[in-house]
Amino acid sequence: MSARILLLPGDGIGPEVTKAARLCLEAVGAACGLSLSFEEAPFGGAGIDACGEPLPAETLAKARASDAVFLGAVGGPAWDGGAVRPEAGLLGLRKALGLFANLRPVKVMAGLEDFSPLRAERVRGADLLIVRELTGGLYFGAREEGRERASDTCVYTRDEVSRIASVAFEAARGRSGRVTSVDKANVLATSRLWRAVVEDVAKDYPDVALDHQLVDSCAMALVPHPARFDVILTENLFGDILSDEAAVIAGSIGLLGSASLGAGGPGLFEPIHGSAPDIAGQDKANPAGAIASAALLLRHGLREARAAELIEAALEAELRAGPLTADLGGSSGCAAFAGRVAARIAKDAARAA
Ligand code: IPM
Ligand code: MG
């Protein structure tokens, strides 16, 4: 099998964690006989600096021609007040590639409950998947921006809700078989449509249990009872907020990866943390989220489940063994941690062969 992977290191700690992910992809490629080729392109603030725009046309063309896209992080104070923000590149890329389904798995690994700021008994066994709609809602509605008045518009269509709901129900089938659809149907018209469409889609999945929860109540329940959730299905902005909340339950936003998938073209894989400009370039970032995203790239982007499992097992083992990065109270550098994961991938693969 051969695949072309486009790397978009981006801004802040993006380049460091991208290097870490690439190292692990190379290790697993060598171990599993996958021929992975890598190319890099400017994106986000780095795109603005190099080409005057956060999503240069050439970067988008390369993304379209690739089998999967890996993104480090975008944004930072360096581009505040500019004509266009680095984040616009990310939104543009999601839209251009039709990446409507964002999967954000949050798992508290057995024995690693102490990473969580919550008590171990509260988070033990938590294993949830946030399925976030990614190309609709407030992020992409008509916008007006003035000094005295501004507005954002939230629009959802039946088709948009239906296709993301199907992704959530399919995912639930491979897990504990429960979907919690999160909305604000007591206030918003889009949420009432959302709820009705999700009910319709649910008829095709009689084996999956569905419940609906208001977003404020879900935000509250996630903290004391994270292990009660399985698949959380929600719209763009609610998913953005709830996924950061859920991430911190696992201990650090630096631990989690994500997959953004569309209707058949290349997917986009990125850690859910931001560009962390305060620690950029200091080898302090936690590469775990990037490495977890590399595993998602293999599983969802390239359909290489065994390679994905090899990365996940090695990552989990190194998180258990330590030393860890500073966000988890350790003193390891980003590169050293990634190096240990890559070495373990090679060792585990050799043992299994
Ligand atoms: C995320 C980020 C982005 C979002 C930003 C950078 C535009 O917070 O991927 O969660 O809001 O979608
Ligand atoms: Mg976010």
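Here we look at the side chain of Ser275
The topology assignment puts Ser275 in the loop between strand E12 (267–271) and helix H10 (288–301). A residue is classified by how much of its surface remains accessible, and Ser275, at 6% relative accessible area, is buried. Polar side-chain contacts of Ser275 include one of 2.8 Å to the backbone oxygen of Gly75. Here Ser275 is in contact with Asp11, Gly12, Ile13, Ala73, Val74, Gly75 and Gly76, once residues within four sequence places are set aside.

Quick look at helix H3 (residues 57–65)
Taken together, the buried positions of H3 are Thr59, Leu60 and Ala63. An end-on view of H3 places all buried positions within 100° of arc, on one side of the element. Counted as exposed and oriented over 90 degrees from the buried face of H3: Ala57 and Glu58. Against strand E1 (2–10), strand E3 (68–73) and helix H4 (86–96) lie the buried residues of H3.

Re the layout of surface pockets
Of the pockets and cavities examined, the largest pocket occupies roughly 990 Å³. Among the secondary structure elements, those contributing two or more residues to the lining of the largest pocket are strand E4 (101–107), strand E5 (127–133), helix H6 (158–173), strand E11 (257–261), E12, H10 and helix H11 (305–321). Here the element with the most residues in the lining of the largest pocket is H10; it accounts for 6 residues. For the lining of the largest pocket, the two domains that each supply at least three residues are domain 1 (1–98 + 263–353) and domain 2 (104–256). Estimates place the volume of the second largest pocket at around 630 Å³. Lining the second largest pocket are 27 residues, and of these Val74, Glu87, Leu90, Tyr139 and Asp240 lie nearest its centre. Secondary structure elements with two or more residues in the lining of the second largest pocket: E3, H4, strand E6 (143–145), helix H9 (236–249) and E12. Top contributing element to the lining of the second largest pocket by residue count: H4, with 4 residues. When its residues are assigned to classes, the lining of the second largest pocket shows 10 nonpolar, 6 polar and 11 charged. Here the lining of the second largest pocket gathers at least three residues from each of two domains, domain 1 (1–98 + 263–353) and domain 2 (104–256).

Here we look at the site of ligand 1
With respect to spatial proximity, the complete set of residues near ligand 1 consists of Glu87, Arg94, Arg104, Arg132, Tyr139 and Asp240. Interatomic distance of 2.8 Å between a side-chain N/O atom of Arg104 and an oxygen atom of ligand 1. At 2.9 Å, a side-chain N or O of Asp240 approaches an oxygen atom of ligand 1. For ligand 1, whose free accessible area comes to 320 Å², the fraction covered by protein is 77%. When each cavity is represented as a set of grid points, ligand 1 is found to reside in the second largest pocket. A class-by-class count of the residues in the shell around ligand 1 yields 1 nonpolar, no polar and 5 charged.

Some details on the domain arrangement of the protein
Here the protein is partitioned into domain 1 (1–98 + 263–353) and domain 2 (104–256). Each of domain 1 and domain 2 was reduced to a C-alpha centroid, and the two centroids are 23 Å apart. Taken together, the contact pairs 17 residues of domain 1 with 21 residues of domain 2. At the junction of domain 1 and domain 2, the tally comes to 0 salt bridges.

As for the environment of Gln282
As for its placement among the helices and strands, Gln282 is situated in the loop between E12 and H10. Taking the relative accessible area as the measure of exposure, Gln282 reaches 39% and is therefore partly exposed. Residues Gln282 and Ala126 lie 156 residues apart in sequence; the distance between their C-alpha atoms is 32 Å.

Calculation notes
- Residues numbered from 1 in each chain as written.
- Chains lettered and ligands numbered in written order.
- Predicted model: local features only at pLDDT ≥ 70, side-chain atom pairs only at ≥ 80, totals over all residues.
- Heavy atoms only, no water.
- Helix = DSSP H or I, 4+ residues; strand = E, 2+ residues; numbered from the N terminus.
- Buried < 20%, exposed > 50% of the residue type's maximum accessible area, 1.4 Å probe, protein only.
- Polar contact = N/O pair within 3.5 Å; in protein donor to acceptor, adjacent residues only side chain to side chain.
- Contact = heavy atoms within 4.5 Å.
- Arc of directions from axis to C-beta.
- 1 Å grid on protein atoms, 1.4 Å probe; cavity = no way out; pocket = protein on both sides within 12 Å on 5 of 7 lines; lining within 4 Å.
- Points joined across faces, edges and corners; volume = space filled by probe spheres on them.
- Domains from an automatic or database assignment.
- Nonpolar A, V, L, I, M, F, W, Y, C, P; charged D, E, K, R; others polar.
- Near = heavy atom within 4 Å.
- Areas by Shrake-Rupley, 256 points an atom, 1.4 Å probe, with all protein chains shown as cover.
- Sits in = over half its atoms within 2 Å of the grid points.
- Salt bridge = Lys/Arg side-chain N within 4 Å of Asp/Glu carboxyl O.

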